Amino acid sequence: MVRRIFERLLITVPAKRRAVQVAFLLGVVALFSLAPGASAQGDRKGDADEATGAVFALTNSTAGNAVVVFNRAEDGSLTPAGSYPTGGVGTGAGLGSQDAVIVSDDRRWLIAVNAGSNSISSFRIDDTGLTLIDTKPSGGILPISVTLRGGLLYVLNAGVPNNVTGFRITSQGRLNALEGSTRPLSGASTNPAQVGFSDHGDTLIVTEKDTNIIDTYAIDDDGRADGPYINVSAGPTPFGFAVGHRNTLLVSEAGDGGGASTYRIDDGRLDVVSGMIMTGQRAACWAILTPNGRFGYVTNAGTGNISGVAVARDGSANLLNADGVTAVTGGNPTDLAMSGNGRYLYARVGDLNAIAIFRIQSNGSLSARPALTGTPAGLAGLAGF
C-alpha cells in the first residue's frame, strides 16, 4: 500500500522537483516500514527480559560469605540456582540493614557487602549465573549497605566510627576507591541502617536508627559527598527506605507508634509530606516502592505481615488497608525485593527459612503465591529483578 501511494504522488510532481520529492518520500516509507517493526521487536524483547529474572541473598557466613541465587519464573515462583563465594566473610548474625546486596539498574552488576571482613564484592550477572570480578576494602568497619548509580558506588560502614565511602565501578566491574570521599555520619556510633541515592543521583541518604536522624549529602560533580546535613525523622527509628519518581522518599519506622513516612527530596534536604503513617503493626524495618512509584510496602518484623500504602503524585501516602495489614507472611519478614516488571514482591522470612511471594495487583493489593521454603538459615539482604 505504501508503494502505491508513493507512485501516485510521484505522478503529480513536476519533473524538476521530482528528485527532491523522491528523497522525502523514501524517508517517509522508511519510517512507516521500519519504525513499527523495530518498536514492536523492542517491546517484545523488553517483555521477554522482564518475564523472568532472579532474586539474590547473602549467606553472611563467618566461614565464607556467598551470594545465593534463586531463578524467577514468569509466574513469580523461585527455584535455587547456586551459590557464589564473595571472597570475603560475613558476621554470622543479622545485619540490621537494607541493601546489603544490590543489582545495578542495567542488571549487569551485583554488589555485596562482606561485613565480617570489612570489604565489598562485585559480580558480573549473565545468563549462566554470577562471576566474581573484584573484592576491595570497604573504607571502614562493618559494611552493611551499598548503593549504585551509574558508575558511582557508596558503601555504609556501621562500625565505629560510622562513615560512608565512595567508589567508582569500571566498565569491567572492578571497584576503585574514590580518594577523599569518606564522610562521617551525624555521630561516631549512630546504628545506621541504609545508604541510597536520590532519584536524580545528586543526593545521598543515610538512615540512623539510634538518633532518629536521616542524613543527606550533596554529591559533587566528581562524585564526592558534601555533608552530612541533618534531617530529623518524622517518625521513630528510621530504618529502610525507597526512592521513587519525582524524588519521593518512603521511609519505614521501626519504633513504637511508627510505620512509615514520605518526604520530598529538595536540593539535598528532606521535606515531610506524610509524617508517621501509623500502621498499627510493629517493627516496620524494610521498605520498597513499585517501579511506577504508585505503591509502597513495609515489612513488619514484629507482627509477621506487610503494610501497603498508595502514593500520590505529590508524595502523600495513605494506607491501602485500614488495619495496616496488606498481606500476612508469618514469622519475621525482613528484607524485601521486587521483580523488575513490578509484578511480584518477595519478603525474606528468616524464622521460617522461607521467601514469601506475592503478586502485586493493579490496585496495590497483594495476592499470596506459594512461598519458597527450605532456604538456608542465616541469610541477609535481598535483591532482585
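One can find the structure itself at the top, above this paragraph.
Residues numbered from 1 in each chain as written. Predicted model: local features only at pLDDT ≥ 70, side-chain atom pairs only at ≥ 80, totals over all residues. Heavy atoms only, no water.

(A) Spatial organisation of the sheet that holds strand β27 (residues 344-349). With antiparallel pairing, four strands are arranged side by side in an open sheet as β26-β27-β28-β29. The open sheet has two edge strands with one neighbour each: β26 (333-338) and β29 (366-373). Adjacent strand axes in the sheet meet at a mean angle of 25 degrees when their direction is disregarded. Where β26 and β27 come together, four bridges link them in antiparallel fashion. Residue Leu 336 lies in a different strand from β27, and its bridge partner there is Ala 347. (Pairing = 2+ DSSP bridges. Helix = DSSP H or I, 4+ residues; strand = E, 2+ residues; numbered from the N terminus. Axes fitted to C-alpha atoms, helices over the stretch in contact; angles between N-to-C directions.)

(B) Fine view of a negative patch on the surface. Together, Asp 202, Asp 266, Asp 267 and Asp 271 give the surface a local cluster of negative charge. Mapped onto the secondary structure, Asp 202 falls in the loop between β13 (192-197) and β14 (203-208). (Patch = residues over 30% accessible without salt bridge, like charges linked within 9 Å, V, L, I, M, F, W, Y side chains within 5 Å. Areas by Shrake-Rupley, 256 points an atom, 1.4 Å probe, with all protein chains shown as cover. Salt bridge = Lys/Arg side-chain N within 4 Å of Asp/Glu carboxyl O. Lys, Arg positive; Asp, Glu negative; His and termini not counted. Charge placed at Lys NZ, Arg CZ, Asp CG, Glu CD.)

(C) Seen up close, the side chain of Ser 307. Along the polypeptide, Ser 307 turns up in strand β23 (residues 305-311). Here the side chain of Ser 307 touches Asn 300 through a polar contact of 2.9 Å, side chain to side chain. Those residues in contact with Ser 307, other than ones at most four positions away along the chain, are Thr 279, Gln 281, Gly 296, Tyr 297, Val 298, Asn 300, Gly 324 and Thr 326. (Polar contact = N/O pair within 3.5 Å; in protein donor to acceptor, adjacent residues only side chain to side chain. Contact = heavy atoms within 4.5 Å.)

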